[in-house]
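Chain by chain, the residues run as shown.
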Amino acid sequence: MRPKIICHMASSVDGRLLADRWTPPASGVATDIVPRIYEEAGKRLAADGFLVGRNTMTEFEGVTIGEPSSGGAQRRDSHRGDRAGRSIAVVVDPQGKLYYAVDHAEGDHIVAILGEQVSDDYLSELRRVGVSYLFAGREGKDLHAAMDALGDAFGIKTLLLEGGGLINGAFLKAGLIDEISVLVYPGIDGLAGIPSIFDYAGADNDQPAAGKALRHLATETLEGGMVWLRYSFEDAPLGQ
Ligand SMILES: NC(=O)c1ccc[n+]([C@@H]2O[C@H](COP(=O)([O-])OP(=O)(O)OC[C@H]3O[C@@H](n4cnc5c(N)ncnc54)[C@H](OP(=O)(O)O)[C@@H]3O)[C@@H](O)[C@H]2O)c1
């Protein structure tokens, strides 16, 4: 069974994603509130780990980007490295572009979700470093299969989906998000075209959240005027 998936994000008041572009905190408010409050709120969600897209994963120390890997022909089996009781840091990297110096992202054990077409050499390199991996179909885009594997083979019950907008959008479109947890920071980006916390790359008339409705769960005002909003996803009322 797949884990419960909570999309946990920090956003400007205009719903945008890139924290280094936001207006600074008001005078007297700590300058580190975004990462600190984000981390603290995430801990309160009591998940087994987090999941990010390939772009966001490159921001962790020891992770570098290389050439896409391809050439794998045979059926693939997932690999469980030694998690050693740690939380997990899952990355969706369909083409096997990421290389790791260590088996963890800031202490959380790395699990890579890959396309089955990645090469044998790439997989042996991941095993050498101790990184776990599993597959999301041939092209690495079958998120339902990957989440089932994460639940069944890795025993993950709750996962925080932590961006960026592209991977959040893909999970939204796939109907795989159970809850949203957004920390709204009292700051603004304001520029047209800057990504949102959901950024599904679809056609102009696509509606990636079609058929869904949000039910309010909780609201809390936190330090510095950050507002924590929590909602659960449910099916939209019939005919809407
Ligand atoms: N405000 C926040 O709370 C927050 C949180 C996280 C990140 N961020 C920011 O978000 C930015 C990165 O976000 P991003 O949206 O550019 O990238 P992203 O979602 O981190 O990664 C996107 C990549 O994931 C891979 N991917 C795997 N499966 C996919 C699928 N089904 N659909 C689409 N992509 C898939 C693709 O890699 P390939 O191209 O290799 O196929 C794609 O390019 C960074 O600046 C980061 O700092 C902000």
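The structure under discussion appears in the preceding block.
To keep things clear, this report deals only with the structure shown in the data block. (Residues numbered from 1 in each chain as written. Predicted model: local features only at pLDDT ≥ 70, side-chain atom pairs only at ≥ 80, totals over all residues. Heavy atoms only, no water.)

### Comments concerning the overall build of the protein
Then, in step 1: For the protein, the count of helices and strands is 5 helices and 12 strands.
Then, in step 2: Whereas a compact globule of 240 residues would reach a radius of gyration of roughly 18 Å, the protein reaches 18 Å, a difference of no more than 12%.
Then, in step 3: Referenced to the eigenvectors of the C-alpha coordinate spread, the extents of the protein come out at roughly 55 × 45 × 35 Å.
Then, in step 4: Looking at the protein as a whole, 44% of its 240 residues qualify as buried.
Then, in step 5: Contacts spanning at least 24 positions in sequence make up 71% of the contacts within the protein whose residues lie at least 6 apart. (Helix = DSSP H or I, 4+ residues; strand = E, 2+ residues; numbered from the N terminus. Rg over C-alpha atoms; globule rule 2.2 N^0.38 Å. Buried < 20%, exposed > 50% of the residue type's maximum accessible area, 1.4 Å probe, protein only. Contact = heavy atoms within 4.5 Å.)

### Considerations on empty space enclosed by the protein
Empty space among the atoms becomes apparent when a probe as large as a water molecule is rolled across them.
Then, in step 1: Throughout the structure, instances matching the rule amount to 1 cavity of 30 Å³ or more.
Then, in step 2: If you add up the space inside the largest cavity, you get close to 30 Å³.
Then, in step 3: Lining the largest cavity are Phe171, Leu172, Gly175, Leu176, Ile177, Lys212 and Phe233. (1 Å grid on protein atoms, 1.4 Å probe; cavity = no way out; pocket = protein on both sides within 12 Å on 5 of 7 lines; lining within 4 Å. Points joined across faces, edges and corners; volume = space filled by probe spheres on them.)

### Brief notes about the nonpolar core
Then, in step 1: By size, the foremost hydrophobic cluster in this structure holds 35 residues, and its most contacted members are Met57, Tyr100, Ala112, Leu114, Tyr122 and Leu126.
Then, in step 2: Those residues within four positions of Tyr100 in sequence are excluded, and the remaining contacts are Met57, Gly62, Val63, Val91, Asp93, Ile110, Ala112, Tyr122, Glu125, Leu126, Val129 and Val131.
Then, in step 3: Listed in part, the 30 residues of the second largest apolar core include Met147, Leu150, Leu161 and Val184. (Core = buried A, V, L, I, M, F, W, Y, C linked by side-chain atoms within 4.5 Å.)

### Concerning the packing of aromatic side chains
Then, in step 1: For the structure on display, the rule yields 4 aromatic pairs.
Then, in step 2: Ring plane angle 90 degrees and centroid distance 5.4 Å describe the contact between Tyr99 and Tyr122, whose orientation is recorded as edge-to-face. With Tyr99 in strand β5 (residues 98-100) and Tyr122 in helix α3 (residues 120-129), this pair connects stretches of sequence that are 23 residues apart.
Then, in step 3: Judged by relative accessible area, which is 2%, Tyr122 ranks as buried. (Phe/Tyr/Trp six-rings, centres within 6.5 Å; stacked < 30°, edge-to-face > 60°.)

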